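Chain and residue survey
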Amino acid sequence: MLDIKNIDVFYGDVQVLFDVSLQVRPGEIVALVGANAAGKSTTLKTISGLLKPKAGEILFHEKNIHTLDSDKIVEKGIIQVPEGRRLFPRLSVEANLELGSYPKRARAKAQDNLKNMYEIFPQLYDRRHQLTGSLSGGEQQMCAIARGLMSMPEVLMVDETSLGLSPLLVKHTIRTIKEINELGTTILLIDQNVNYALRIAHRAYVLENGRIVMQGEGNSLLEDPYLRKAYLGI
Amino acid sequence: MNKQKKGMLIGLLIVTLLLPYLIQNEFYLHVLTSVLVYAGLASSWNILGGFAGQLSLGHTAFFGIGAYTSTLLYVYLGISPWIGMLVGGFLAVIVSFITLYPSFRLRGVFFAMVTISFGEVIRILFVYFRNKTTIPYGVTINYEPSFTNMIFDGPMGYFYVSFVYLLIILVISWKVKNSRLGFFLNALKENDEAAQALGVPTSASKFKALAISAFFTAIGGTILVQNILYIEPESAFSTSISTELALISIIGGIGTVAGPVIGAIILIPLGESLRALFSGSVQGLHLVLYGVLLMVVVLKNPNGIMGFISSFNKKRKKKREVQLEEVPDVRG
Amino acid sequence: MLEVNNLVKSFGGLQVTKKVSFEVKKGEIFGIIGPNGAGKTTMFNQISGFIKPDSGSITFKGNSIEKRSPKDICKLGIGRTFQIAQPFPKMSVLENVMVGSLLRTKSINQAREKAKEVLDFVQLNVPYDTPSSNLTISDRKRLEVAKALATEPELILLDEVMAGLNQTGVKEFINLIFELKKRGTSVLIIEHIMEAMMTLSDRILVLNYGEEVLTGKPQEVANNPKVIEAYLGDEIHA
Amino acid sequence: MILQILISGILLGGVYILASIGLTLIFGVAKVVNFAHGEILMLGMYLTFWLYSIFNLDPTYSIAIVIPIFFLLGTLMYLFVIRPSLNAPELTQVFATLGLSILLQNLALLLWGADYRTVKTFYSNTAVTISPEISISVSRVVAFVTSLLILLVLIIFLKKTYIGKAIQAVSQDRSAAMLMGISVKRIYMYAVGIGCACAGLAGALLIPQYYAFPTAGVSFILISFVVVVLGGIGSIPGAIVGGIIVGLLESITGVFVPELKEASYFIFFIVILLIRPNGLFGVKGAGEEGAR
Amino acid sequence: AKESGSDGKSGSKGSEKVGVILPLSGPLAQLGNEVKRGFDIAQEMVNEQDGVLGKQVKFAVADAPDSNSATSSANRLIQNDKVSVITGSYSSAISFAASQVAERNKVIFWEQGAVADDITERGFKYLFRLIYPASDLGRAAANFLVDEVSPKLDMKTEDIKVAIIHEDSSYGSKVAEGAKEVVEKAGMQLVASEAYSYKTNDLSSTVSKLKSLKPDVIIACQYTADGILFWRQAKEAGLNLKAMIGNGGAHNIPDFAAAMGDDANGIFNAGTSSNFNTDGLDADAKKLYEEFQERYAAKNDGNLPSAHAAMGFNAMYLLLKEVIPAAGSFKPEDIRKAALAMDKPIGSTIVGWGVKFDPKTQNNTLAFPMIDQWQEQKIITIYPKEFGLTEKVTIPLPEWGNRANVGK
Ligand SMILES: Nc1ncnc2c1ncn2[C@@H]1O[C@H](COP(=O)(O)OP(=O)(O)OP(=O)(O)O)[C@@H](O)[C@H]1O
Ligand SMILES: Nc1ncnc2c1ncn2[C@@H]1O[C@H](COP(=O)(O)OP(=O)(O)OP(=O)(O)O)[C@@H](O)[C@H]1O
Ligand SMILES: CC(C)C[C@H](N)C(=O)O
Ligand SMILES: [Mg+2]
Ligand SMILES: [Mg+2]
């Protein structure tokens, strides 16, 4: 349903993505792994419409979206939880979450979704009136994921899912993502913890220096000797 | 600095020094002198506003203090403006510590708002206390040309005084910029807390920048008033002086050494020529044009002419993409 | 070298640090772990002078520092990184680090040389004149450490510098920190990556809700049921 | 007399609240610096004046015309001035809007001359006399009440509507807002449009007490910033309190040392900001962010 | 500079530029432009009558909203436009600064309306001022109170309570000084002397204070905006007085009545007048007065000129029609001599004044303020008697709302 075809992306004059293609099918969890600075975040930013590809195209439900502004893309059902959280620091947790349901699709069910989020992340409920600028790093990460979910996306893209979360919470979050996926949300995720990522992913792509170098099912990639050596250090 | 650049600078210096002989017209010389003084004033502003990133819109207070101190000392006590100018400078430094120094915890527009208010308060207080004395509202300096009086019988003298003033402040700017202090100011401008974590003495650094800035703004005040030979609170403490100094720096390139000079070279003659060309025809027309040009220049060159030049040099195209990294408080 | 005694700090009604005490010895790598929101970063902020504790004392090399300003503390020899990297965005990578090295020298040239040295040490392999705003997460973390190191600290506080790094990056960083230790620098480190903490730390302090759960050798900590329940979850190695 | 002074002070506060209404939104909430705010207000006065002198329309009714026209004006201002300066350094916006203010001021001079234009309504220059000592200016009461009403609507708008929330989000992190599906362009356009509509409306409601002339906005611009910042950036009740405090201070000082009236509130403003950098009711926490 | 005015007619040989410096933008623009209208009419008339010394007169105009721009503008007019006379400047601040430049360059500065006393106390040789200084104006207002108002108040002089309010720049403070001197000498009670900034948004506390002090008479020196504001708020507070005397500024321009309606009636103004009894003028002046009134009305939608336009016209017309022809050249030295030699009796100019410059200060000694009263929303001269348009003067001031019949 999300079809990225041969995109080239630049920052100014510097090319960062070279001829990248990847597909996400309905109901899948797809992981994007790769070394630091490989271009993973850039790929997500391009899908979200923050960056425009110089070449290639991005299709969503067979329609071009790479020419659209990011708000239109969100409206169509693709949401990104950005690297570094990017919460609205001087708004409360609750206000941040409510803004998650900004797309018209999600507004009607905003209250129900809010309740759900508090169930998934009880710590957020405790801090719902605190300004997110003063949350701890991990709390911010929870808030960011919850805010993304509030928009009831068809495709949820998470950049650095487990960044800064305690081991316990990492597991919790990964489990949550799986659950959300089982309820019908398609997921595209990036995580430095290749181990986690490949375990829950149905399929994965490996990005190196801006090029896709490998792709396959999550579990089978986990067995791949090259990958094990390069990313797991085993 | 490489040899070529050095040669160019020296050449520029000599040409400037000869300008009064090349330009016979006294009005143009007068405008040129204004350019020099305003370039000096803006450079002084730039040390605090540009190097330290504290966008003061209250510099009119220092300007006014400098101008008034030397004038009153000269007119009532016969003290030469050369001395009065230094007294005014130190007075401005003292006032700046009382007013701007506590405001340093504020940043950006908030600092600007507080400093505008300070400028206004000082003007109002001045008018109030002036009323309690026998000093007239407007003070005229008698036209008695002599070097000690810092009054000259022609624009030539003013030109060279202003030239020396600008030269001194430029040298100081350059020294500050390329010293440890310059680095510290730059760092605390970009991220105050990160700078503190690296042991940057944030208060002391701003303190120094403020002192230099206030002192030379006051000196500029004296030089300008000696040129006009008349002073009154309304114009000596007018907020438009503060905004003009900031504006000149912005247009030229804030935070650079040459920026304020370039800004003054553009802005002062622009204002003068618009007024000369259009003020006789339809009321307000020259200012309408000025407003439009100001908007266009500021919006088209947000980093000033210097920014434009350096980006041109590096042949770096402006990034068209919207970038997450553009917003200053990057979290991650 | 660093002694923290009965430190207390609250925000509004919430106590974030509850009578915490610990000591970091010279040349030691001392770890702090704990669930999100346990008060680890707040602890760093108090040691580095960014937040004043409500009560309790902090001494460094015999000086009491709980009331000192961040810059004085840095001068005394404590360097810190921020959990969320704080570069000077418009300055180049080299200039960023020079700000740190200028603490110990007045000469711009010396500072530049020093900064290059540190940048090479942390293996930030980008051109010196790269604007720091263009760095990826991992490079930002390296830059963060480089800035702190440039101030020549005797004790460095590292707050989740490995978050966002892949396994290779983590390995490189572990080596880097061991190298620091070898040079005699003490390290106080916060990290959620257990593999790293287990290998690196001489001792680990576990915080939960601002309270000390226990302090001990990595193995003790990892096997403590309370730690497993509150922090690690049942399976230790995922 | 004391009671009279307090009443006049509060009513003067109402004038200032009204004058700063658009700014509370544009600057206080959306964080767009607008130094042309005073000139927009001045144009609002002129439009109301012309509607009155050509069509004999009472200022109160002319609001219906002023609001949409000034919303449109705001949209234009957004397109030509604000949008190009959104990604630029802070001061760019300050000076771009300053340029706009010079332009508008002198455009008014060029088009309509420098004369003072006044509008006489049935309630201008009239007062309700409560006792021989105490009288209350009708046009000020009208101004006060309307400004409170508008602010109430604004509060509800910001708290309850998605556009209102989006304005706050956009002001804090633009690209994150885009990622939430917020059209940043549209939101800024709304914010600046509404802000200008409010400023125009303020002009309409102030002209019965004041006069339209090219520099009419100048005396309101600084004070409006003071009111918005004093109360606390982003806090609308703060702006109300800020306005009343400024009015009261001016009124009380006016009795003892009229020359220092203006200084009194500037000094108060400075002191408050130095003690509480976020203003009286400002949102806290901004200061602590950096250390995380 | 761009030249304005009518094109040269046949018979004229070339043209000559005269410098004009006025605040045409900024806060003083209203009256700056009004003065300019007076200048323009004088220029137009002179050029129609074959110009000056056979030359058409052109203006080199500089807009000077403040004293800084006045300096550079004066420089420009002198250096680039080569003018030998600069006229202006309405505002004292501008006059101070621009006349410095003129003096240094030995160019005539012909001041029509700036009143600050010390402008002519600097011993300048090339500066001439046609109008009376500010303190004279204040004294005239207070003298009127002592001589004409107080006898009609039915009160003992020492019981009369007087309050002075004024804006706090050079104009207001000097006028107040003059008024105070006379009031105190006459033995009246000075209950308040309040200064404030003319940029103020509110005068209600001043009004309240005055109300509690219960003055019988207020002498006010205000610019337009603050003057209107004060009178509005005085009305709202029900501040009742037996007399109110203005000193130019707000109190002699049409905008005041436009804003206040019948509530303006009964107020006195001390200052130059443009609507007085022309029987006090000599025949030539009378004719000129009428022609000026007509031309002004024709150019300005039938409105009557204010005193500022009249003073502007008067100054320019005298310069072009009498001084320069008498000098026989445009040379500053010649003009200076001619000006100093000039001796025109009272009643010989369109504002009633005579012209004779004090050889020391070079200030016109035969300029004087008249006293007007607002009647039926028009400003009408009542004093001195020979220029008075009506004998009917309403004293004391009727209460608010009862002023429609003032003067009837
Ligand atoms: N705003 C920017 N301007 C210029 N170059 C950039 C910018 N952002 C990223 N880059 C460069 O683009 C490349 C890819 O960056 P990207 O953030 O996509 O990597 P990543 O795979 O997400 O890495 P990480 O795992 O560290 O997050 C890097 O070389 C980086 O330096
Ligand atoms: N300024 C503040 N105002 C209110 N609460 C605060 C403030 N700063 C921190 N807190 C709260 O204090 C608690 C501890 O925060 P801290 O940042 O120290 O956690 P942490 O242990 O570093 O967590 P993480 O591992 O997620 O980074 C958190 O719950 C946080 O929300
Ligand atoms: C209103 C005028 C009488 C003012 C006066 N001309 C001045 O000197 O400013
Ligand atoms: Mg990334
Ligand atoms: Mg933390």
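As shown above, the structure is provided for reference.
Cut-off values and rules
- Residues numbered from 1 in each chain as written.
- Chains lettered and ligands numbered in written order.
- Predicted model: local features only at pLDDT ≥ 70, side-chain atom pairs only at ≥ 80, totals over all residues.
- Heavy atoms only, no water.
- Helix = DSSP H or I, 4+ residues; strand = E, 2+ residues; numbered from the N terminus.
- Rg over C-alpha atoms; globule rule 2.2 N^0.38 Å.
- Buried < 20%, exposed > 50% of the residue type's maximum accessible area, 1.4 Å probe, protein only.
- Areas by Shrake-Rupley, 256 points an atom, 1.4 Å probe, with all protein chains shown as cover.
- Contact = heavy atoms within 4.5 Å.
- Donors = N, O, S within 2.8 Å, 3.2 Å for Na, K, Ca; no water.
- Near = heavy atom within 4 Å.
- Polar contact = N/O pair within 3.5 Å; in protein donor to acceptor, adjacent residues only side chain to side chain.
- Buried area = accessible area lost by both parts, 1.4 Å probe.
- Salt bridge = Lys/Arg side-chain N within 4 Å of Asp/Glu carboxyl O.
- Core = buried A, V, L, I, M, F, W, Y, C linked by side-chain atoms within 4.5 Å.
- Domains from an automatic or database assignment.
- Pairing = 2+ DSSP bridges.
- Axes fitted to C-alpha atoms, helices over the stretch in contact; angles between N-to-C directions.
- Patch = residues over 30% accessible without salt bridge, like charges linked within 9 Å, V, L, I, M, F, W, Y side chains within 5 Å.
- Phe/Tyr/Trp six-rings, centres within 6.5 Å; stacked < 30°, edge-to-face > 60°.
- Lys NZ or Arg CZ within 6 Å of the ring centre and 35° of its normal.

Looking at the overall build of chain D
Scanning chain D from N- to C-terminus turns up eleven helices and two strands. The secondary structure elements of chain D, listed N-terminal to C-terminal, are α-α-α-α-β-β-α-α-α-α-α-α-α. For 292 residues, the compact-globule formula gives about 19 Å, and the C-alpha radius of gyration of chain D, at 19 Å, lands near that figure. Taken over the C-alpha atoms alone, chain D extends approximately 60 × 45 × 35 Å along its principal axes. When the 292 residues of chain D are sorted by exposure, 67% land in the buried category. For chain D, the computed accessible surface area is about 9300 Å², with 73% contributed by carbon and sulfur atoms.

Quick notes on the overall build of chain C
Looking only at helices and strands, one finds nine helices and ten strands in chain C. In terms of overall dimensions, chain C is globule-like: its C-alpha atoms have a radius of gyration of 18 Å, near the 18 Å expected for 238 residues. A principal-axis box enclosing the C-alpha atoms of chain C has dimensions of 50 × 40 × 35 Å. The proportion of buried residues among the 238 residues of chain C is 61%. Within chain C, counting contacts between residues at least 6 apart in sequence, those at least 24 apart form 66% of the total. On chain C, roughly 8900 Å² of surface is accessible, and the fraction owed to carbon and sulfur atoms is 49%.

With respect to the coordination of the magnesium ion (ligand 5)
Under ideal tetrahedral coordination, the four donors around a metal are separated by 109.5 degrees; under ideal octahedral coordination, the six donors are separated by 90 or 180 degrees. Residue and element names in this part refer to chain C. Distances from the magnesium ion (ligand 5) to its protein donors, T41 (OG1) and Q83 (OE1), fall at 1.9 to 2.1 Å. One end of the pair, T41, is in helix α1 (residues 40–47); the other, Q83, is in the loop between β6 (78–80) and α3 (93–101), and 42 residues separate them in sequence. For the pair formed by T41 and Q83, the shared burial category is buried.

Thoughts on the site of ligand 1
Neighbouring residues of ligand 1: 19 residues in total, closest A37, S41, T42, E83 and Q192 of chain A. Close to ligand 1, residues of chains A, B and C are found. Here G39 of chain A contributes a backbone N or O atom positioned 2.9 Å from an oxygen atom of ligand 1. Within the side chain of Q192 of chain A, a nitrogen or oxygen atom sits 2.8 Å from an oxygen atom of ligand 1. Here ligand 1, which alone exposes 640 Å², has 87% of that area covered by the protein.

As for the interface of chain D and chain B
With 52 residues of chain D in contact, the opposing surface of chain B contributes 48 residues. Between chain D and chain B the total buried area reaches about 4200 Å² when both faces are included, carbon and sulfur atoms providing 79% of it. Its largest share of buried area at the contact with chain B, chain D owes to L91, F95 and L274 of chain D, together 15% of the area lost on that side. In this assembly, chain D and chain B are joined by zero salt bridges. Our count for the contact surface shared by chain D and chain B stands at one residue pair in polar contact (both at pLDDT 80 or more). Of all elements in the fold, only α3 (59–85), α4 (90–112), α7 (174–179), α9 (218–231) and α11 (261–275) of chain D reach the threshold of two or more residues within the side of chain D that touches chain B. Considering every element that reaches the side of chain D that touches chain B, the biggest residue donor is α4 of chain D, with 14 residues.

Digging into the nonpolar core
Core analysis: the largest hydrophobic core is formed by 342 residues, its most contacted members being M162 of chain C, I182 of chain D together with I218, F230 and W231 of chain E. With 14 residues, the top contributor of residues to this core is helix α2 (residues 26–51) of chain B. In this structure, this core is formed jointly by two domains, domain 1 (21–52 + 69–77 + 155–234) and domain 2 (87–152) of chain A, each of which donates at least three residues. Excluding residues that lie within four positions of it along the chain, I218 of chain E makes contacts with A163, I165, L210, F230, L239, L241, A243, M244 and I245 of chain E. Of all hydrophobic cores here, the second largest spans 91 residues; its members include V46, A179, I219 and L318 of chain E.

Remarks on the site of ligand 2
Lining the immediate surroundings of ligand 2 are 22 residues, of which S136 and G138 of chain A together with K40, T41 and T42 of chain C lie closest. The environment of ligand 2 is shared, with nearby residues belonging to chains A, C and D. Here an oxygen atom of ligand 2 and a backbone polar atom of G138 of chain A are 2.6 Å apart. Within the contact set of ligand 2, an oxygen atom lies 2.9 Å away from a side-chain nitrogen or oxygen of N36 of chain C.

Focus on the sheet that holds strand β5 (residues 127–129) of chain E
All names here are of chain E. The sheet built from five strands is open, its strands ordered β2-β1-β3-β4-β5 with parallel pairing. Because the sheet does not close on itself, it has two edges, and the strands there are β2 (56–63) and β5. Across the sheet, the mean angle separating the axes of adjacent strands is 25 degrees when strand polarity is ignored.

Some points on the interface of chain B and chain E
With 35 residues of chain B at the contact, the number on the chain E side is 34 residues. Summing both sides of the interface, chain B and chain E together bury roughly 3000 Å²; the carbon and sulfur share of this comes to 49%. At the junction of chain B with chain E, the criterion picks out one salt bridge. In this structure, the salt-bridge partner of K199 of chain E is E234 of chain B, at a minimum N-O distance of 3.3 Å. At the surface where chain B touches chain E, the tally comes to 16 residue pairs in polar contact (both at pLDDT 80 or more).

As for unusual backbone geometry
Going from G88 of chain E to S89 of chain E, the amide bond is cis rather than trans, its omega being -15 degrees. Topologically, S89 of chain E is positioned in the loop between β3 (85–88) and α3 (92–104). The peptide bond linking I395 of chain E to P396 of chain E adopts the cis configuration, its omega dihedral lying at -5 degrees. As for its placement among the helices and strands, P396 of chain E is situated in the segment after β12 (378–383). Positive phi, normally seen in glycine, also occurs at N6 of chain C, with a value near 50 degrees. Here N6 of chain C lies in strand β1 (residues 2–11). In this structure, K19 of chain C takes a positive phi of about 50 degrees despite not being glycine. Looking at where K19 of chain C falls in the secondary structure, it is placed in strand β2 (residues 14–24).

What about the pattern of salt bridges?
Following the criterion strictly, the structure yields 41 salt bridges over all chains and no others. Residues joined by salt bridges that share partners form a network here, namely E44, E48, E291, R295 and K299 of chain E.

Focus on the coordination of the magnesium ion (ligand 4)
All names here are of chain A. At 1.9 to 2.1 Å from the magnesium ion (ligand 4) lie its protein donor atoms, namely S41 (OG) and E83 (OE). A residue pair is termed long-range when its members are at least 10 positions apart, and S41 in helix α1 (residues 40–48) and E83 in the loop between β6 (78–81) and α3 (93–100) qualify at 42 residues. You can call S41 buried: its relative accessible area is 13%. Under the relative-accessibility criterion, E83 is labelled partly exposed at 22%.

A closer look at a nonpolar patch on the surface
All names here are of chain B. Judged by side-chain polarity, I10, L13, I14, L18, Y21, L22, M156, L167 and V171 come together as a nonpolar surface patch covering roughly 810 Å² of accessible area. For the nonpolar patch, the element with the most residues is helix α1 (residues 3–22), which contributes six residues. The topology assignment puts V171 in helix α6 (residues 155–177).

Notes on the packing of aromatic side chains
On inspection of all chains with the given rule, the structure shows 47 aromatic pairs over all chains. Look at Y230 of chain B and F96 of chain E: their rings are 4.6 Å apart centre to centre, the planes differ by 10 degrees, and that puts the pair in the stacked class. One end of the pair, Y230 of chain B, is in strand β2 (residues 230–231); the other, F96 of chain E, is in helix α3, on a second chain. Across the pair, exposure class does not vary: Y230 of chain B and F96 of chain E are buried alike. Measuring from centroid to centroid gives 5.1 Å for F27 of chain D and F225 of chain D, while their planes differ by 70 degrees, and the two rings are edge-to-face. Placement of F27 of chain D in helix α1 (residues 2–29) and of F225 of chain D in helix α9 is noted, with a sequence separation of 198 residues between them. Given a relative accessible area of 5%, F27 of chain D falls into the buried group. Site record: aromatic cluster; members linked through ring pairs are Y116, Y210, Y211, F213 and F220 of chain D. When the ring centre of F10 of chain A is taken as reference, the NZ or CZ atom of K54 of chain A above it lies at 4.0 Å. The ring of Y126 of chain E has R336 of chain E lying over it, and the distance from NZ or CZ to the ring centre is 5.9 Å.

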